[in-house]
Amino acid sequence: MRKLILSSGLAAVIASPALAATGPFFSLRNTDFVVLLGFLLFLAVLAYFKVPGLLGGLLDKRAQGIRDELDEARALREEAQTLLASYERKQKEVADQADKIVANARTEAETAAVQARKDLDATIARRMASAEERIASAQASAVKDVRDRAAMVAVAAARDVIAQVTSAADKDRMIDESIDEVGAKLH
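A quick note: this is a predicted structure, and the numbers were derived from the prediction, not measured.

Reading the values: the criteria
- In this convention, every chain numbers its residues from 1, walking through the sequence in written order.
- It should be noted that, the model being predicted, local features are given only for residues of pLDDT at least 70 and side-chain atom pairs only at 80 or more, the latter also being counted only at that level, while totals for whole chains, interfaces and linings use all residues.
- To obtain the side-chain values, all non-hydrogen atoms of the structure were included, while hydrogens and water were left out.
- Working definition: helices are DSSP H or I runs of at least four residues, strands are E runs of at least two. Numbering for both runs from the N terminus.
- Between buried and exposed lies partly exposed: a residue is buried under 20% and exposed over 50% of the maximum accessible area for its type, with that area taken using a 1.4 Å probe on protein chains only.
- We call two residues contacting when some pair of their heavy atoms lies within 4.5 Å.
- For a helix, the expected span equals 1.5 Å multiplied by the residue count minus one.
- In this description, the arc belongs to the directions extending from the helix axis to the C-beta atoms.
- Think of it this way: a Phe, Tyr or Trp ring, Trp meaning its six-membered ring, pairs with another when their centres are within 6.5 Å, and the plane angle makes it stacked under 30 degrees, edge-to-face over 60, tilted otherwise.
- The working definition used for a salt bridge is a side-chain nitrogen of Lys or Arg within 4 Å of a carboxyl oxygen of Asp or Glu.
- For patch detection, residues must exceed 30% relative accessible area and be free of salt bridges, and they are connected within 9 Å for like charges or within 5 Å for nonpolar side chains (Val, Leu, Ile, Met, Phe, Trp, Tyr).
- The Shrake-Rupley method, run with a 1.4 Å probe sphere, supplies the accessible areas, and residue values consider only the shown protein chains as cover.
- Contacts described as polar in this section are N or O atom pairs within 3.5 Å, which, within protein, must combine one atom able to donate a hydrogen with one able to accept it, while residues neighboring in sequence count only if both atoms come from side chains.
- On a range of 0 to 100, pLDDT expresses the predictor's confidence in each residue.

1. Regarding the overall build of the protein
Moving on, step 1. A tally of helices and strands in the protein yields four helices and zero strands.
Moving on, step 2. Every one of the 187 residues in the protein was classed for burial, and the buried ones make up 6%.
Moving on, step 3. Counting contacts in the protein only where the partners sit at least 6 residues apart, residues at least 24 apart contribute 30% of the total.

Next comes the structure, spelled out in structure tokens:
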């Protein structure tokens, strides 16, 4: 503040306002001198009420507020960068997990496809075996039916031949032999 007063006073002396006014400079009739006195009195009142200190304090308080806001902004920025890095890391982890899930799903799908092929092949083999068994059974049944039919025809033919050629005593003997032979074959 003193520097302000001294520099103002020095500027007033150097500017020589006395040159612009008429009459002696240090007279109350000289307007320049009166203005100078009013200005110096104004500066004295400002100094007396410590206005420069108050202004300085207000400016310091304002500067401190700005510093605090800058520090808070810096802290918020750092926190935001930390959150951004955290979210980016989480996003990368989620992307990695998604890739793993997709890879596992592909592997499981391939495994399921291979298993389905194996199951289908086994089912086809079982059905083929079953069909072959049915065919063999039908063939055996047909052969048995043919044999049975042939036996029946042979028996009928033999009965007719034997009925014409043989006597009653021979018939009884043959029947007994046939019964014994059938009994031996069946047991």
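2. Some points on helix 2 (residues 31–48)
Moving on, step 1. The end-to-end C-alpha distance of helix 2 is 25 Å, a good match for the 26 Å that 18 residues give at a rise of 1.5 Å each.
Moving on, step 2. Residues of helix 2 that are buried include every one of Phe-33, Leu-36 and Leu-43, and no others. Projection of helix 2 onto a plane perpendicular to its axis shows the buried side chains occupying an angular sector of 90 degrees, all on one side. Turned more than 90 degrees away from the buried face of helix 2 sit Thr-31, Val-35, Leu-41 and Tyr-48, all of them exposed.

3. Side note on the packing of aromatic side chains
Moving on, step 1. Applying the stated criterion across every chain yields a total of two aromatic pairs.
Moving on, step 2. Ring centres of Phe-25 and Phe-33 lie 5.6 Å apart, and the angle between their planes is 75 degrees; on these two criteria the pair is classed as edge-to-face.
Moving on, step 3. Residue classification places Phe-25 among the buried positions, given a relative accessible area of 15%.
Moving on, step 4. The interplanar angle of 80 degrees and the centroid separation of 5.1 Å between the aromatic rings of Tyr-48 and Phe-49 together place this pair among those described as edge-to-face. In terms of burial, Tyr-48 and Phe-49 fall into one category: exposed.

4. Things to note about the pattern of salt bridges
Moving on, step 1. The tally for this structure, following the rule as stated, stands at two salt bridges.
Moving on, step 2. Between Arg-74 and Asp-71 there is a salt bridge, with the nearest N and O atoms lying 2.9 Å from each other. Of this pair, Arg-74 and Asp-71 are both found in helix 3 (residues 51–165), three residues apart, which corresponds to roughly one turn of the helix.
Moving on, step 3. Judged by relative accessible area, which is 46%, Arg-74 ranks as partly exposed.
Moving on, step 4. A residue is classified by how much of its surface remains accessible, and Asp-71, at 43% relative accessible area, is partly exposed.
Moving on, step 5. For Arg-173, the salt bridge is made with Glu-177, and the minimal N-O distance between the two is 3.2 Å. Note that Arg-173 and Glu-177 are positioned in helix 4 (residues 168–186) at a spacing of four residues, about one turn of the helix.

5. A few points about a nonpolar patch on the surface
Moving on, step 1. A contiguous nonpolar patch, built from Leu-41, Val-45, Tyr-48 and Phe-49 and spanning about 480 Å² of accessible area, is present on the exposed surface.
Moving on, step 2. Its location among the elements puts Tyr-48 in helix 2.

6. A look at unusual backbone geometry
Moving on, step 1. Phi at Lys-50 takes a positive value of approximately 55 degrees, unusual for a residue other than glycine.
Moving on, step 2. Following the sequence through the fold, Lys-50 ends up in the loop between helix 2 and helix 3.
Moving on, step 3. Under the relative-accessibility criterion, Lys-50 is labelled exposed at 60%.

7. A short note on the side chain of Asn-30
Moving on, step 1. Mapped onto the fold, Asn-30 is located in the loop between helix 1 (2–15) and helix 2.
Moving on, step 2. Classification of Asn-30 by relative accessible area gives buried; the value is 2%.
Moving on, step 3. Within the structure, Asn-30 has its side chain in polar contact with the backbone oxygen of Pro-24 (distance 3.4 Å).

8. Digging into the confidence of the model for the protein
Moving on, step 1. Confidence along the protein averages 85 in pLDDT terms, with 87% of residues attaining 70 or more.
Moving on, step 2. Averaged pLDDT values over the elements of the protein bottom out at 61 in helix 1 and peak at 92 in helix 2.

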